[in-house]
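Okay, here's what each chain looks like letter by letter:
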Amino acid sequence: LVGWLVGWLVGWLVGALPYTYYWYYGAMLSTDRELLFAPEDVTRSSPFFWAFQQAFPENSDQIFSITDSIPAPIKEVGPAFQNINFVTETGRGQFVSRVKVATLGGLATSIMTTRATIVGVDGVDGIKLKVETTKPEESSAIERIPLLGTVINQNAPPFPSGEALEKVKEGSSQVTMRTTFCDEGLRISRYDAKYDGVFVWRRREFASYEML
């Protein structure tokens, strides 16, 4: 029922604005937003998983179904955030996805952070993202390491996830995010290859390069 209501609302919003204005949406994209609704597991809001599906098209759904079925409190996901800095004049910028993951009833938590580069635009409603790195930031398990926990958390290099995916399938690290509605409060975005699955985001604050 919730999914149906969200779908109806999305259709109404997009229908009320029949044309997507690139310049207007470009300015509104550069914000820090929190996920309000996802059509599937919250982790799928990260472009890393979009790229993973492209690299492993035959196995990704099976892998996701196993991880998604792990019950709480063994695994809990959320909240999720996206920070975008988009330069309208060049069609380029930076994209950061953060998803909190807790396991074992909260004994171990981390912020799965994927960083991507906005490498261009696709039409009037799409931005092309090239996944660069993925890292479990603010890991509570690492933080417990005597004397070195904080140092390791802050200085451990991220995993070059984009490069790894490219070795599996060339071009898989680049995905397209389409935004079919965006204003000061809400953003409705979709993964290009799964256009019917909408992610609804609310604005927290306008983006700052200091957050990247």
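Scroll up a little and you will see the structure.
Predicted, not measured: the structure shown is a model, and the values here were computed from it.

Student: Any details on the pattern of salt bridges? Residues and values, ideally.
Tutor: This model, assessed by the stated rule, comprises 10 salt bridges. A salt bridge links Asp32 to Arg204, with the nearest nitrogen and oxygen atoms 3.0 Å apart. With a gap of 172 residues between them, Asp32 in strand β1 (residues 31–37) and Arg204 in strand β8 (residues 194–206) connect regions that are remote in the sequence. Classification of Asp32 as buried rests on a relative accessible area of 3%. The exposure class assigned to Arg204 is partly exposed, which follows from its relative accessible area of 43%. For Arg202, the salt bridge is made with Glu34, and the minimal N-O distance between the two is 2.7 Å. Placement of the pair is Arg202 in strand β8 and Glu34 in strand β1, with a sequence separation of 168 residues. Note on Arg202: relative accessible area 34%, which makes it partly exposed. Classification of Glu34 as buried rests on a relative accessible area of 18%.

Student: Can you break down the pairing of β1 residue by residue, with the values?
Tutor: With six of its seven residues buried, β1 lies for the most part within the structure. For β1 and strand β2 (residues 75–87), the ladder comprises three bridges, and the chain directions are antiparallel. Bridge assignment links Glu34 to a residue of β2, and that residue is Phe81.

Student: How would you summarise the nonpolar core if you had to cite specific residues and measurements?
Tutor: Of all hydrophobic cores here, the largest spans 19 residues; its most connected members are Ile84, Phe95, Ile118, Ile127, Leu129 and Met177. Elements supplying a minimum of two residues to this core: α3 (47–55), β2, β4 (108–122), β5 (126–137) and β6 (174–182). Counting residues per element, this core draws most heavily on α3, at five residues. Sequence-distant contacts of Phe95, that is, excluding residues within four places in its chain, are made with Pro47, Gln82, Asn83, Ile84, Thr114, Arg115, Ala116, Ile118, Leu129 and Met177. If you look at the next biggest cluster of nonpolar residues, it comprises seven residues, including Ala80, Val99, Val101 and Trp201.

Student: How would you sum up the side chain of Arg190? Please name residues and give values.
Tutor: Position of Arg190 among the secondary structure elements: in strand β7 (residues 186–191). Despite its burial, Arg190 remains without a salt bridge, the nearest opposite charge being carried by Asp196 at 5.2 Å. There is a polar contact of 3.2 Å between the side chain of Arg190 and the side chain of Thr180.

Student: Quick one: what's the story with the packing of α3 against helix α7 (residues 161–168), residue by residue and with numbers?
Tutor: The geometry of α3 relative to α7 is characterised by a closest axis approach of 9 Å and an angle of 15° between their N-to-C directions. Looking at the two axes, α3 sits roughly parallel to α7. Read as a crossing pair, α3 and α7 show a hand that is left-handed. On α7, the residues that touch Phe48, Ala51, Phe52 and Ala55 of α3 are Ser161, Leu165 and Val168.

Student: With reference to specific residues and values, describe a nonpolar patch on the surface.
Tutor: A grouping of Ile70, Ile74, Leu104 and Leu107 is seen on the molecular surface, where their side chains present a nonpolar patch of about 380 Å² in accessible area. Inspection of the secondary structure assignment puts Ile74 in the loop between α4 (60–68) and β2.

Student: Kindly report on empty space enclosed by the protein, identifying the contributing residues and their values.
Tutor: Scanning the entire structure with this criterion turns up three cavities of 30 Å³ or more. As for the second largest cavity, its lining consists of Pro39, Glu40, Arg44, Trp50, Gln53, Tyr191, Lys194, Gly197 and Phe199. Looking at the lining of the second largest cavity, the elements with two or more residues in it are α3 and β8. In terms of residue count, the dominant contributor to the lining of the second largest cavity is β8 (three residues). Counted by class, the lining of the second largest cavity contains four nonpolar, two polar and three charged residues.

The rules we used
- Residues numbered from 1 in each chain as written.
- Predicted model: local features only at pLDDT ≥ 70, side-chain atom pairs only at ≥ 80, totals over all residues.
- Heavy atoms only, no water.
- Salt bridge = Lys/Arg side-chain N within 4 Å of Asp/Glu carboxyl O.
- Helix = DSSP H or I, 4+ residues; strand = E, 2+ residues; numbered from the N terminus.
- Buried < 20%, exposed > 50% of the residue type's maximum accessible area, 1.4 Å probe, protein only.
- Pairing = 2+ DSSP bridges.
- Core = buried A, V, L, I, M, F, W, Y, C linked by side-chain atoms within 4.5 Å.
- Contact = heavy atoms within 4.5 Å.
- Lys, Arg positive; Asp, Glu negative; His and termini not counted.
- Polar contact = N/O pair within 3.5 Å; in protein donor to acceptor, adjacent residues only side chain to side chain.
- Axes fitted to C-alpha atoms, helices over the stretch in contact; angles between N-to-C directions.
- Parallel < 35°, antiparallel > 145°, perpendicular 65-115°, else oblique.
- Left-handed = near helix turned anticlockwise from the far one by under 90°.
- Patch = residues over 30% accessible without salt bridge, like charges linked within 9 Å, V, L, I, M, F, W, Y side chains within 5 Å.
- Areas by Shrake-Rupley, 256 points an atom, 1.4 Å probe, with all protein chains shown as cover.
- 1 Å grid on protein atoms, 1.4 Å probe; cavity = no way out; pocket = protein on both sides within 12 Å on 5 of 7 lines; lining within 4 Å.
- Points joined across faces, edges and corners; volume = space filled by probe spheres on them.
- Nonpolar A, V, L, I, M, F, W, Y, C, P; charged D, E, K, R; others polar.

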